[in-house]
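Chains, contacts and geometry: an overview
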Amino acid sequence: MAAELTRSLADLRQADTDSFGGKSSTLGELIAAEIPVPPGFALSCEAFRLFVEQAGLRGVIAHALERASSGDVDAVNRASHSISEAMHSAPMPAAVRDEVTRHYAELGDVPVAVRSSALGEDSQEATFAGQQETYLWIRGAGQVCDAIRDCWISLYSPPAIAYRARLGEKDEEPAMGVTVQLMVDAEVSGVMFTCNPVSGDPSMVAINASWGLGLAVVGGEVTPDDYLVSKVTREVVRENISSKTVEYVPGEAGTVFLDVPEERRDIPCLDEPRIATLVDVGKRVERYFGSRQDIEWAFARGDGELFVVQSRPVTGIAKPKEEKKPTSAMSLLMSTFGAEKKQ
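Residues numbered from 1 in each chain as written. Predicted model: local features only at pLDDT ≥ 70, side-chain atom pairs only at ≥ 80, totals over all residues. Heavy atoms only, no water.

Right, let's talk about the sheet that holds strand β8 (residues 225-230) for a bit. Strand order in the open sheet formed by six strands is β9-β8-β7-β6-β12-β13, and the pairing between neighbours is antiparallel. A strand with exactly one partner marks an edge of an open sheet, and here the two such strands are β9 (236-240) and β13 (306-313). On average, each strand axis in the sheet is tilted by 15 degrees relative to the strand beside it, whichever way the strands run. When strand β12 (residues 293-300) meets β13, the two strands line up antiparallel, connected through seven bridges. Counted as the bridge partner of Ala-298 is Phe-307 from β13. Running over the sheet, helix α11 (residues 272-289) touches β6 (186-193), β7 (204-211), β8, β9, β12 and β13 and is turned about 140 degrees from β12. (Pairing = 2+ DSSP bridges. Helix = DSSP H or I, 4+ residues; strand = E, 2+ residues; numbered from the N terminus. Axes fitted to C-alpha atoms, helices over the stretch in contact; angles between N-to-C directions. Contact = heavy atoms within 4.5 Å.)

Among the nonpolar cores identified, the biggest contains 41 residues, and Leu-43, Val-114, Ile-148 and Trp-152 are the most heavily contacted of them. Only β2 (40-43), α3 (45-54), α4 (58-67), α5 (73-88), α6 (94-107), β3 (112-118), α7 (141-154) and β5 (176-182) provide two or more residues apiece to this core. Looking at this core element by element, the count peaks at seven residues for α7. In contact with Val-114, other than residues within four places in its own chain, are Glu-133, Thr-134, Tyr-135, Ile-138, Val-144, Ala-147, Ile-148, Cys-151, Val-178, Thr-179 and Val-180. By size, the runner-up hydrophobic cluster in this structure holds 30 residues, among which are Phe-20, Leu-27, Tyr-227 and Leu-270. (Core = buried A, V, L, I, M, F, W, Y, C linked by side-chain atoms within 4.5 Å. Buried < 20%, exposed > 50% of the residue type's maximum accessible area, 1.4 Å probe, protein only.)

Another aspect to go through is the sheet that holds β2. Here five strands make up an open sheet; going across it, the order is β1-β2-β5-β3-β4 and the pairing antiparallel. Lying at the two open borders of the sheet, with one neighbouring strand each, are β1 (6-8) and β4 (134-138). Across this sheet, the average inter-strand angle for adjacent strands is 20 degrees, counted without regard to direction. Bridge count for β3 against β4 is three bridges, and the pairing is antiparallel. Note that in β4 the partner of Val-114 across the bridge is Tyr-135. Against the sheet, α6 contacts β1, β2, β3 and β4, and its axis sits at roughly 165 degrees relative to β2.

So, about unusual backbone geometry. Non-glycine residue Asp-109 carries a positive phi angle of around 50 degrees. Note on placement: Asp-109 falls in the loop between α6 and β3. A positive phi is found at Trp-137, a non-glycine position, where the angle reads about 60 degrees. Mapped onto the elements of the fold, Trp-137 is located in strand β4. We classify Trp-137 as buried; its relative accessible area is 17%.

With respect to the secondary-structure elements, Gly-190 resides in strand β6. Sequence separation between Gly-190 and Trp-297 is 107 residues, and the spatial gap between their C-alpha atoms is 5.7 Å. In this structure Gly-190 touches Asn-208, Ala-209, Val-217, Ile-295, Glu-296 and Trp-297, once residues within four positions along its chain are discounted.

The pairing of β8 with β9 spans four bridges and is antiparallel. Looking at β9, one finds that Tyr-227 is bridged to Glu-239. Linking β8 back to β9 in an antiparallel pair, the connection comprises five residues, with Arg-234 at a positive phi of about 65 degrees.

Attention now goes to the packing of aromatic side chains. For the coordinates displayed, the defined rule picks out five aromatic pairs. Ring geometry for Trp-297 versus Phe-299: centroids 5.6 Å apart, planes at 65 degrees, classification edge-to-face. Residues Trp-297 and Phe-299 agree in their burial class; the two are buried. An aromatic cluster is present here, built from Phe-48, Phe-51 and Trp-152 joined pairwise through their rings. Lying across the ring of Trp-211, Arg-264 places its NZ or CZ 5.1 Å from the centre. For Arg-274, the ring lying beneath its charged end belongs to Phe-299, and the centroid distance is 4.6 Å. (Phe/Tyr/Trp six-rings, centres within 6.5 Å; stacked < 30°, edge-to-face > 60°. Lys NZ or Arg CZ within 6 Å of the ring centre and 35° of its normal.)

Here it is, written out as structure tokens:
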């Protein structure tokens, strides 16, 4: 039976993670949970492997990585450059190109986001966030194919090579799925943690938000508005409104980086109803997956509809400090009333 190269996002589940990567399979689960997710399709890791096989890249990649095995920064950069050049000049397999063209036509020749969905990415144990590429507002089947190849190339970016080496995966052959989604023209976008990302407090939702597409927030190019909201009462317990000086908006050939007009820079980009909507969706996503989530979201320009464009488990939260157990009944009594014995 021929390997499956593509599939609609709506038909993916977590069981497909090994074939399509964590991002695409998670989006499929979100659609199944009736969370608002832009429609789209996914490329499997087999599509990537077919690209590598047909272009004869396996030996090129192995040789370059062997030279980078010392971990030296310059060696890693040279390996990444060699692999990138080879992959850039390699043609996409006809079977993959035909399926991408068919799925893209079904979406309606519209702007799409092309995102990496690498194996091991966005898992409970580790996250490759920011190490592989995302391309926004891509239009036309040819441009989509080019963006998919650029995502594959990012699997061998210097940070990705170094990160896999730190995880002890330098001898494993990596593979990448790719997600292609209908683009949301975001008036406001950002990220949301279904806990306090600093303390781990699960009773809170933390939201970062700014104007325009999400690139400025996830790329750290703008200081976003910061909200900490009670999951139970929806009370905003902390609100820091920043001067949001830049934003990304759609342009004729991709995204455009602009200065935010003076009159919008210092006003909150979320009002109470939108904060409440975010908290409700965050709670639904967390309940569905049974774990705290790191969610990327966008409110569409015009009708203001909320979309979730990515969700992954929260990783890297410091464990709460373990309280010292009382050593006697007297110390228990004294600690209860805040009168612990001084050493």
